[in-house]
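# Structural features, examined
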Amino acid sequence: MTIKNKKIISLGLLVIMVLLGYWLWLSLRPVEIVAVHQEGSHSSVLVKSFPLTDKGKINWWLKNKDILKDKYHIPTPDADGAFTVVFWYFGDGYKKEGKYDRRCFEDMKTKVNCIDKDKAFTVWNSRYNVVSFGVNDGEYRINDKGEMIKTEYR
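We now turn to the structure provided with this report. (Residues numbered from 1 in each chain as written. Predicted model: local features only at pLDDT ≥ 70, side-chain atom pairs only at ≥ 80, totals over all residues. Heavy atoms only, no water.)

### Quick look at the packing of aromatic side chains
Under the defined criterion, the tally for this structure stands at eight aromatic pairs. Measuring from ring centre to ring centre gives 5.6 Å for Trp60 and Phe87, while their planes differ by 90°; the resulting arrangement is edge-to-face. Here Phe87 lies in strand 3 (residues 83–89) and Trp60 lies in helix 2 (residues 54–72), a separation of 27 residues in the sequence. Here Trp60 matches Phe87 in class, with each residue buried. (Phe/Tyr/Trp six-rings, centres within 6.5 Å; stacked < 30°, edge-to-face > 60°. Helix = DSSP H or I, 4+ residues; strand = E, 2+ residues; numbered from the N terminus. Buried < 20%, exposed > 50% of the residue type's maximum accessible area, 1.4 Å probe, protein only.)

So this is what it looks like as structure tokens:
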């Protein structure tokens, strides 16, 4: 093998290791909950450093749902037991309403009470006590056997 080929292979391995290290760093960062906004049985949770994969998001919810209930009092089911929790990426922080696609929170008594709509994850429970998880490319439900079932969006 020539010296040129060794340098190319070494550089390729270095790039792969850096990318792998960066991905590992991204996936191991703790989730930061910036704020929680309640509107009846609907909760909006503003987060930073949310898991990247569908499985990571669902596992994070399953692991932390009791902590969210104790610390933030979410979810808050209605009389039928239904609730919705939407996790939004906090991004650049709160902004004025001005732009078309922003989510504004009426519980904040300031004009800077909106975020850019960048949904990370949704969890909802139907009145039939069926918990579903919404992610970018589909919906997951836990069946009676405790298995995760994926349903494609139409």
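Back to the write-up after that little detour.
### Re the state of the cysteines
In this structure the tally under the stated criterion is one disulfide. Across the disulfide, Cys104 is cross-linked to Cys114 (sulfur-sulfur distance 1.9 Å). Disulfide Cys104-Cys114: the torsion about the S-S bond is 100°, which places it as right-handed. Of this pair, Cys104 sits in strand 5 (residues 102–104) while Cys114 sits in strand 6 (residues 112–116), and the two are 10 residues apart along the sequence. (Disulfide = S-S within 2.5 Å.)

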